[in-house]
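If you want the building blocks of each chain, they are given just below.
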Amino acid sequence: MFNLILFGPPGSGKGTQSEKLVEKYGLVHLSTGNLLREEITNKTPLGLEAKAFIDKGQLVPDEVVIGMVDSFFEHHKEAKGFLFDGFPRTSAQAEALDKLLELKKTSICVMLALSVSEEELVKRLMKRGETSGRSDDTNENVIRARITEYHNKTAVVADYYRNFDKVVLVKGEGTVDDIFRSLCAEIDCRI
Ligand code: AMP
């Protein structure tokens, strides 16, 4: 299996690039943000719990997210590889993911980390809010809270994988196609 984490702050282009990458490489896209939004749309108890955190720009508790990923794996036993987008977002999630992958006798091959300046992130998210229909993209305070959560809880996840020499930085500014090409070059020499 080829398992890849696409990492970066909110607004760094993970969603856009993930869609192109899963199509090119035939990977299964696991976006915890998308899964949570589906739960909210379906008004499930998990969705209702998650919404309260998402609306404030805070991370959803680890046990909720890890349980959701575990059940996603149960439904995708035939996958030839996963692209993780927006997960793991804490050290506890990273450790849990390693254990879940170990059970499947596989592991993370590489973490591609998109780097984008903070002002560019806010600009992109505000712009996305005009069309995405996402309530957490329209309020600048919520956007800034999401970036703060990223610095406080998520940035350390890169250190976790750096210890295993699995992190590659990729410039996340430029055209969508340029960034896609840089990501593909990093994948092609590992796959
Ligand atoms: P995203 O679509 O990845 O930007 O996620 C939107 C929101 O969903 C985040 O701001 C968090 O509130 C929540 N979320 C998504 N993925 C996770 C995760 N792995 N851990 C905790 N919260 C998450």
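The structure this text deals with has already been given above.
Scoring rules and cut-offs
- Residues numbered from 1 in each chain as written.
- Predicted model: local features only at pLDDT ≥ 70, side-chain atom pairs only at ≥ 80, totals over all residues.
- Heavy atoms only, no water.
- Near = heavy atom within 4 Å.
- Polar contact = N/O pair within 3.5 Å; in protein donor to acceptor, adjacent residues only side chain to side chain.
- 1 Å grid on protein atoms, 1.4 Å probe; cavity = no way out; pocket = protein on both sides within 12 Å on 5 of 7 lines; lining within 4 Å.
- Sits in = over half its atoms within 2 Å of the grid points.
- Helix = DSSP H or I, 4+ residues; strand = E, 2+ residues; numbered from the N terminus.
- Nonpolar A, V, L, I, M, F, W, Y, C, P; charged D, E, K, R; others polar.
- Points joined across faces, edges and corners; volume = space filled by probe spheres on them.
- Buried < 20%, exposed > 50% of the residue type's maximum accessible area, 1.4 Å probe, protein only.

A short note on the site of the ligand
Item 1. Taken together, 16 residues form the shell around the ligand, and within it Thr32, Arg37, Gln58, Arg89 and Gln93 come nearest.
Item 2. Backbone polar atom of Gln58 to an oxygen atom of the ligand: 2.7 Å apart, as the coordinates give it.
Item 3. At a separation of 3.0 Å, a nitrogen atom of the ligand approaches a polar backbone atom of Gly86.
Item 4. Of the pockets mapped on this structure, the ligand occupies the largest pocket.
Item 5. With four residues, the top contributor of residues to the shell around the ligand is helix H2 (residues 32–41).
Item 6. Along the lines of polarity and charge, the residues of the shell around the ligand split into six nonpolar, five polar and five charged.

Quick notes on the layout of surface pockets
Item 1. Its volume calculated, the largest pocket comes out at about 1000 Å³.
Item 2. Lining the largest pocket are 47 residues; nearest its centre among them are Lys14, Arg89, Arg128, Arg134 and Arg146.
Item 3. Classifying every residue of the lining of the largest pocket by side-chain character gives 15 nonpolar, 21 polar and 11 charged.
Item 4. Lining the second largest pocket we find 17 residues, and of these Phe7, Pro9, Leu114, Ser115 and Tyr150 sit closest to its centre.
Item 5. Elements represented by at least two residues in the lining of the second largest pocket include exactly strand S4 (110–115), helix H6 (118–132), helix H7 (140–162) and strand S5 (167–171).
Item 6. Of all the elements, H7 adds the most residues to the lining of the second largest pocket, at five residues.
Item 7. Tallied by class, residues from the lining of the second largest pocket come to 11 nonpolar, four polar and two charged.

Remarks on unusual backbone geometry
Item 1. Backbone torsion omega between Phe87 and Pro88 reads -5°, so that peptide bond is classified as cis.
Item 2. Tracing the sequence through the fold places Pro88 in the loop between strand S3 (82–85) and helix H5 (91–103).
Item 3. Of note, the phi angle at Lys105 is positive, near 55°, even though the residue is not glycine.
Item 4. One can find Lys105 in the loop between H5 and S4.
Item 5. For Lys105, a relative accessible area of 77% corresponds to the exposed category.
Item 6. The phi angle at Asp165 is positive, at roughly 60°, despite the residue not being glycine.
Item 7. With respect to the helices, strands and loops of the structure, Asp165 is situated in the loop between H7 and S5.

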